[in-house]
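# Coordinate inspection notes
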Amino acid sequence: MSPAIMRCLVPVLAFSLAFAASCKPKETKPEGGDAVLAKVGDVTITVRDFEETINAYSPYLRQKYSSPEMKKKKLDEMIEFELLALEARNLGYMDDPIIQEALKQQLVRELQEQILSGIKLEDITEEETRKYYDDNAGKYHKPPQIRVAHILLGDKVKAQALLDELLQAETDAVKWRDAVMKYTEDPENKDHGGDLGYFSKPEQKTEGEPDLPEAIVKASWEIKDIGKLYPQIVEVEGKFHILKLTSTRPAIERTFDQVKRQIQSILWKEKREKAQQDFIDQLEKNAKVEVDYSLLSEIKIPDAASTDPALAPPAEAGPPAAPPVEGKVPVITPPGGTIPVVKAKPQ
């Protein structure tokens, strides 16, 4: 089976099969809705099918199909789509693993939609939202914070000499970064310009802030301007720190009304994730699932250069490649959308 042809037919077959597999019971059709517009093999396209296809578009696109000519064009596209799907089935592509995988993915999406369709954003209650706000007060009420970088040295004389040198051009960010890379003895933030992160004053410390010695915090808060250095070295447990203020962050005070909608979205997402996980947990109880995670260590993942030509070393110059063969790209329109299908040129 030609890979080129398979790539052409995967979207057509997968969409067709998944569309059929995911069909839900429809409401009673109005009189005339069952009238057959076209028949392709054992597949019929009714007036209602055509209406539902057009109505799935936006109001702007629907107007495009108001004329008899455009209605005929749309019907012809639907017929072409069914013809391709029918031929693919006749050729046995339905049993191809690629098609089966595409169909499986579509079926999973349909199942997920059904599981989660009952969880709506507007169903998140005021009580739930308020509780989340109160339980996570640290997210919505934060004191002012500063961000500081440091250079750590074990020798006081060297630390003082370096500080004196940096004070000559204390706002020079390039000089600071070079000094960090060359002199600091703190490997954890050496590659990040000596960054210590954001933190509050000692008496206002909040959850999640870096755990820094009080002497460093107090000295840092005495630096008034961004880019400036603390004019003295700070000694902590026999080590010496040079401090630089890199950024500030104002206090955060967000009222419940300001973040209510945001919290509802968070809770809605959490409920959807829990509903899906609960459903999967139940499936695992009812199914026989055997897993050997130890085999994962034997799986080798190729590096980027071996899979992405742009990251591979340049190849030796050779003869120019032949120009690509141009082919037509017709657009086949399935119910509810368009799928571009590349028509391979005969060999």
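Our next topic: the sheet that holds strand β5 (residues 195-199). Strand pairing within a sheet occurs via backbone hydrogen bonds; the two strands may be parallel or antiparallel. Reading across from one edge, β5-β4-β7-β6 is the order of the 4 strands in this open sheet, with antiparallel pairing throughout. Of all strands in the sheet, those with a lone pairing partner are β5 and β6 (234-236), marking the two edges. Averaged over neighbouring strand pairs, the angle between their axes works out to 40° when direction is ignored. With 3 bridges joining them, β6 and strand β7 (residues 239-249) adopt antiparallel strand pairing. Each bridged residue has a counterpart across the sheet, and for Val-234 the counterpart in β7 is His-241. Those strands touched by helix α10 (residues 214-221) are β4 (145-153), β5, β6 and β7, and its axis lies near 165° from that of β6.

By the secondary structure assignment, Ala-173 is in helix α9 (residues 173-183). Note on Ala-173: relative accessible area 53%, which makes it exposed. Once the C-alpha coordinates of Ala-173 and Thr-246 are considered, the two residues, 73 residues apart in sequence, prove to be 9.4 Å apart.

In a regular helix each residue adds 1.5 Å, so 20 residues correspond to 28 Å; helix α5 (residues 97-116) covers 28 Å between its end C-alpha atoms and thus fits that length. Within α5, burial applies to Ile-99, Ala-102, Leu-103, Glu-110 and Leu-116. Buried residues in α5, looked at end-on, bunch into an arc of 165°, giving them a common side. The opening residue of α5, the one whose side-chain oxygen lies 2.8 Å from the backbone nitrogen of Ile-98, is Asp-96.

Thresholds, definitions, all that
Residues numbered from 1 in each chain as written. Predicted model: local features only at pLDDT ≥ 70, side-chain atom pairs only at ≥ 80, totals over all residues. Heavy atoms only, no water. Pairing = 2+ DSSP bridges. Helix = DSSP H or I, 4+ residues; strand = E, 2+ residues; numbered from the N terminus. Axes fitted to C-alpha atoms, helices over the stretch in contact; angles between N-to-C directions. Contact = heavy atoms within 4.5 Å. Buried < 20%, exposed > 50% of the residue type's maximum accessible area, 1.4 Å probe, protein only. Expected span 1.5 Å × (residues − 1). Arc of directions from axis to C-beta. Polar contact = N/O pair within 3.5 Å; in protein donor to acceptor, adjacent residues only side chain to side chain.

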